[in-house]
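Summary of structural features
So the chains spell out like this:
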Amino acid sequence: MNLRPAITFCALLASAAPVCAADVPAANNPDIAQLVRAVSPARLEASIRTLAGFGTRHTMSNADDPKRGIGAARRWIKSTLDACAAVPGSRLKVAVDEFVQEPSARVPKATTLVNVVATLEGTDSQARARTLVVSGHYDSMCGNVMNSECDAPGANDDASGTAVVMELACTFAQSRFPVTLVFMTVAGEEQGLLGAAHWAQSAKASGTNVEAMITNDIVGNAHDETGRRDATTLRLFAEGVPAGKDVSEEWQQRLSTGGENDSPARELARSMRDAALRYVPDMNVRIVYRRDRYLRGGDHIPFLAQGFTAVRFTEAHEDFRHQHQDVRIVDGVQFGDLPQFVDFEYLASVTRVNAAALASLASAPAAPAAVRIETLQLENRTTLSWRANPESDIAGYEIVWRETTAPFWQGSEFVGNVTRASVPLSKDDYLFSVRAVGAGGQRSLATWPLTLRSPVPSVVK
């Protein structure tokens, strides 16, 4: 598969010789490829069957029963991650994020909720403050969200996402990345995204730099309601304009210059799709231009509410007979979220996509800051400027572009280790962004440029 952009040329710089994009190739990283290959369908299956075997993982279920309920599930998750952290050479640190949820619409009494969090601290003193989060929720429900006694095996919703996170944590445990990775299994999703909201609020309050958050929710079924199997498609939901009441000044400028499809979440989704194309080429990551499924939600939403960049993975074809259903047989049709309706090979492919995306993001430099597109005069060239990255292993920067109707970047030009460059394309016809390029060719997330206006505004007709 040829991943090279459709359009390439050498940018002519005022202060440097022409440099072509091919000078810094985005070659496959063997360490990332090895992490992708290490994903085990058998371990994923064992995790899901164990989680479903607790009978229910309802947030309000018995937390003290050693065999049934959310407490038993949580203790098993933590003990499994502890075992991965104890392997020689492992750098994983496991902890619990415990808090008391006060009564709310879906929580009838004050209840202790516990997120199980495994952290792989970054190895670079400058970059370790950058944090990447991947999550799945381990609570479950049957047909009635308030029924804490019914059987709610939750094999796909969301033991599948929990299994993905646990597999990633254990697979990555001995890896070394410059940035910090957080593998998080959260409670209280079905009661209102409570566990994720608590962690996101705490991260915001503590000043944690959450650069990207990925949630996996309902990612284990490859069959639609007719039985048709599609084991190669995975949906990735990414919001555009934030759904807040007020539009910020930055977003007003984005909208005035055609940047409604270039939100941080959609730039994250594009980068994740690129990683999947490179390392898991059999999987089609289909970006959906929505925050989530129609009028539904998941654990990335509390992160978006705190101003963090967040997206959601969900299988391509949901079978609603096996979501939020009492376990029963009606007219010979089995209802309920049971392990027999999880496609473990498909789930392994989803996990590999996560591994490729997470490792690629963790290996890349930070996105350029203070990117601006100059409008100092009328011209058919486009000039951009940006602030130099603090990392020491930066090879330089590249400008990327696409036509205004195109969903993905069509062209790129490596412009060297500079902070200002021009390309002979009109800003009237193309959309632009800037990416940092690491010494090994790793590409950062793209940064959309705001406008650098003329000091003396002029009337343009």
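Placed above this text is the structure.
First, a word on scope: everything that follows refers to the structure included in this document.

Rules of the game
- Residues numbered from 1 in each chain as written.
- Predicted model: local features only at pLDDT ≥ 70, side-chain atom pairs only at ≥ 80, totals over all residues.
- Heavy atoms only, no water.
- Helix = DSSP H or I, 4+ residues; strand = E, 2+ residues; numbered from the N terminus.
- Expected span 1.5 Å × (residues − 1).
- Buried < 20%, exposed > 50% of the residue type's maximum accessible area, 1.4 Å probe, protein only.
- Contact = heavy atoms within 4.5 Å.
- Pairing = 2+ DSSP bridges.
- Axes fitted to C-alpha atoms, helices over the stretch in contact; angles between N-to-C directions.
- Phe/Tyr/Trp six-rings, centres within 6.5 Å; stacked < 30°, edge-to-face > 60°.

A few points about helix α3 (residues 70–85)
Along its 16 residues, α3 runs 22 Å from first to last C-alpha, staying within 8% of the 22 Å computed at 1.5 Å per residue. Buried residues of α3: I70, G71, A72, A73, R74, I77, L81 and C84, and no others. Among the structural elements, α2 (41–52), β1 (92–101), β2 (111–120), α4 (159–172) and β4 (180–186) are those in contact with the buried residues of α3.

Considering the environment of A72
Examined against the element boundaries, A72 turns out to sit in helix α3. Dropping the residues within four chain positions of it, A72 is found in contact with F54, D65, P66 and K67.

Side note on the sheet that holds strand β14 (residues 411–416)
Ordered in space as β14-β13-β16, the 3 strands form an open sheet in which the pairing is antiparallel. Here the strands that pair on one side only, and so sit at the sheet edges, are β14 and β16 (430–438). On average, each strand axis in the sheet is tilted by 25° relative to the strand beside it, whichever way the strands run. Taken together, the 5 bridges between strand β13 (residues 394–403) and β14 define a ladder with antiparallel strand orientation. Within the sheet, the bridge partner assigned to Y397 lies in β14 and is G416.

What to know about the packing of aromatic side chains
Given two aromatic rings, one states the distance between the centres and the angle between the planes to describe the pair. Inspection of every chain in the model, using the stated rule, returns 6 aromatic pairs. Ring geometry for F303 and F308: centres 6.2 Å apart, planes at 50°, overall tilted. F308 shares its class with F303; the two are buried. Ring geometry for W386 versus Y397: centroids 5.5 Å apart, planes at 50°, classification tilted. Highlighted residues: W386 in strand β12 (residues 382–387) and Y397 in strand β13, separated in sequence by 11 residues.

What to know about α4
For α4, which comprises 14 residues, the first-to-last C-alpha distance of 20 Å matches the rise-based estimate of 20 Å (1.5 Å per residue) to within 8%. Counting buried residues in α4 gives 13 out of 14 residues, a clear majority hidden from the surface.

Concerning the sheet that holds β12
Taken in spatial order, the 4 strands make up an open sheet running β15-β12-β11-β17, and their pairing is mixed. Only two strands of the sheet have a single partner each, and these edge strands are β15 (420–423) and β17 (450–453). Pairwise comparison of adjacent strand axes, ignoring direction, gives a mean angle of 35° for this sheet. One ladder, built from 4 bridges, connects β12 with β15; its direction is antiparallel. Looking at β15, one finds that T382 is bridged to V423.

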